[in-house]
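Secondary and tertiary structure notes
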Protein chains: 2
Amino acid sequence: MITPAADATGFEAFAQAFRRHAAGVAVITALTPDGRPVGFTATSLASLAAVPPMASFNMARTASSWPAIEHTEHVAIHMLGEEGFAVAQIMAGDNALRFDGDHWAPGPHGLPILKTTTAWMVGTIVARTPVAESAMIAVRIDEGALGVPDEPLLYHERSFRALGAEL
Amino acid sequence: MITPAADATGFEAFAQAFRRHAAGVAVITALTPDGRPVGFTATSLASLAAVPPMASFNMARTASSWPAIEHTEHVAIHMLGEEGFAVAQIMAGDNALRFDGDHWAPGPHGLPILKTTTAWMVGTIVARTPVAESAMIAVRIDEGALGVPDEPLLYHERSFRALGAEL
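So, here's what we can say about the structure. As the structure is a computational prediction, the values presented were derived from the model and not from experiment.

Turning next to the overall build of chain A. What chain A contains, in helices and strands, is 3 helices and 13 strands. Relative to its length of 167 residues, chain A is compact, with a C-alpha radius of gyration of 17 Å against a globular reference of 15 Å. The C-alpha extent of chain A, read off along each of the three principal axes, is 60 × 35 × 35 Å. Buried positions account for 58% of the 167 residues belonging to chain A. The contacts in chain A between residues at least 6 apart in sequence include a share of 63% that link residues at least 24 apart. Surface summary for chain A: the accessible area is close to 6,700 Å², and the carbon and sulfur share equals 52%.

Looking now at helix 1 (residues 10-18) of chain B. In terms of burial, helix 1 of chain B is largely enclosed, as 7 of its 9 residues are buried. Along helix 1 of chain B, the residues classified as buried are Gly10(B), Ala13(B), Phe14(B), Ala15(B), Gln16(B), Ala17(B) and Phe18(B). Contact partners of the buried residues in helix 1 of chain B: strand 5 (46-49), strand 6 (54-60), strand 7 (74-79), strand 10 (119-131) and strand 11 (134-146) of chain A together with strand 1 (8-9) of chain B.

Attention now moves to the pattern of salt bridges. All names here are of chain A. Per the counting criterion, the structure on display carries 4 salt bridges over all chains. A salt bridge links Arg 140 to Asp 142; the shortest N-O distance between them is 3.1 Å. We classify Arg 140 as partly exposed; its relative accessible area is 34%.

Another aspect to go through is the interface of chain A and chain B. Opposite the 80 residues of chain A that make contact, chain B presents 80 residues. Taken over both partners, the interface formed by chain A and chain B buries close to 6,500 Å², and the fraction arising from carbon and sulfur atoms is 68%. Counting the surface chain A buries against chain B, the share from its top three residues, Phe14(A), Arg20(A) and Leu167(A), is 12%. Put simply, chain A and chain B have 2 salt bridges between them. We note a salt bridge from Arg161(B) to Glu151(A), for which the minimum N-O separation is 3.4 Å. In this assembly, chain A and chain B are joined by 33 residue pairs in polar contact (both at pLDDT 80 or more). At 11 residues, the largest contribution of residues to the side of chain A that touches chain B is made by strand 11 of chain A.

Another aspect to go through is the packing of aromatic side chains. Counting across every chain of the model gives 12 aromatic pairs over all chains. Ring geometry for Phe11(B) and Phe14(B): centres 6.0 Å apart, planes at 40 degrees, overall tilted. Here the residue Phe11(B) and the residue Phe14(B) both occupy positions in helix 1, the gap between them amounting to 3 residues, near one helical turn. What makes Phe14(B) buried here is its relative accessible area of 6%. One aromatic cluster is present, built from ring pairs that chain together Phe11(A), Phe14(A) and Phe18(A).

Glancing now at the relation of the copies chain A and chain B. When chain A is brought onto chain B, the operation consists of a screw motion whose angular component is 180 degrees and whose axial shift is 0.0 Å, with 0.0 Å RMSD remaining. The operation mapping one copy onto its partner corresponds to a two-fold rotation axis. Relative to the rotation axis, the C-alpha of Gly164(A) is the closest in chain A, positioned 1.9 Å from it. Comparing contact sets, 100% of the residues at the interface of chain A also lie at the interface in chain B, consistent with an isologous, same-surface contact.

On to unusual backbone geometry. Cis geometry is adopted by the peptide bond preceding Pro52(A), which originates at Val51(A) and carries an omega value of -10 degrees. For Thr116(B), which is not glycine, the phi dihedral falls at a positive 55 degrees. Given the relative accessible area of 32%, Thr116(B) is considered partly exposed. Not every positive phi belongs to a glycine, and Arg158(B) is a case in point at roughly 65 degrees. You can see Arg158(B) is positioned in the loop between strand 12 (154-156) and strand 13 (159-166). We classify Arg158(B) as exposed; its relative accessible area is 76%.

What follows is about the environment of Glu12(B). All names here are of chain B. Along the polypeptide, Glu 12 turns up in helix 1. Residue classification places Glu 12 among the partly exposed residues on the basis of a relative accessible area of 44%. Put simply, Glu 12 and Glu 151 are 139 residues apart on the chain and 33 Å apart in space, counted from C-alpha to C-alpha.

Rules used in this analysis
- Residues numbered from 1 in each chain as written.
- Chains lettered and ligands numbered in written order.
- Predicted model: local features only at pLDDT ≥ 70, side-chain atom pairs only at ≥ 80, totals over all residues.
- Heavy atoms only, no water.
- Helix = DSSP H or I, 4+ residues; strand = E, 2+ residues; numbered from the N terminus.
- Rg over C-alpha atoms; globule rule 2.2 N^0.38 Å.
- Buried < 20%, exposed > 50% of the residue type's maximum accessible area, 1.4 Å probe, protein only.
- Contact = heavy atoms within 4.5 Å.
- Areas by Shrake-Rupley, 256 points an atom, 1.4 Å probe, with all protein chains shown as cover.
- Salt bridge = Lys/Arg side-chain N within 4 Å of Asp/Glu carboxyl O.
- Buried area = accessible area lost by both parts, 1.4 Å probe.
- Polar contact = N/O pair within 3.5 Å; in protein donor to acceptor, adjacent residues only side chain to side chain.
- Phe/Tyr/Trp six-rings, centres within 6.5 Å; stacked < 30°, edge-to-face > 60°.
- Least-squares fit on C-alpha atoms with pLDDT ≥ 70 in both.

Fair warning: the whole summary comes from geometry, so function is off the table for now.
See the structure below:
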């Protein structure tokens, strides 16, 4: 039997592995304490529990949206489809321009709800775990709605991708 | 302007949104305190930080592997490709049979390293955040290796899927 041996350490091991991973694309939005909308594209959205319904996402605590996420109670989580490509790019672009335009409207709690998404959920933050310069955030899902019917948008190797065939 | 309104609450809002999400497929393995291998298929693997390199995953604290994850220091994280389909099914199947066969071998720290994966990483658990009956786990990546060259395996609506075209 051959003993599996590492060929990389630390960041290289991390980077080479994640280059072989693909992820669904979501957008998280919130309000700052003074009511300004913030948001960002996330590939870390995951189901955390079904009962009670909970989701998680990760973010850098150096990100422009962190002060809002650190202090707010509510967030909106949006699932993106292929048509959501443009929204994903806006919400990953210049943070001063992310809410310039009519691609969103205020929903529950005044949270920015993005159009051209396949579904959105509004929830209450129940845990924020700081880990080095990042944080893991847990959200209890309170309500939501379906949006445009579309296939999920994926991200792999710095490119947006469609979902492929069933295996 | 139309105010976005919810059409579902709680679990329904959560379930209908995640039915429109797709995720990459990973397998987490570990050892129990008495050295028995455990593992499970996860769709929650995410990048958490690059410096220092960290990844996160979620799991139910009712899962058969939780007692091992709760007490161990080290885990192995495997990225799955299309060829890893069979491994994903084994590691999501009967937990008494997940290590019956030659689809794995002991690697660093004696951790089970699965064959037919596109990459694996071994790391140190740095945070375990219990949330209701689940937990968010953060892992600092220490070392790893590439495996078979293959396109990422995805999971959507209870089916395994290939990655599709670049958009």
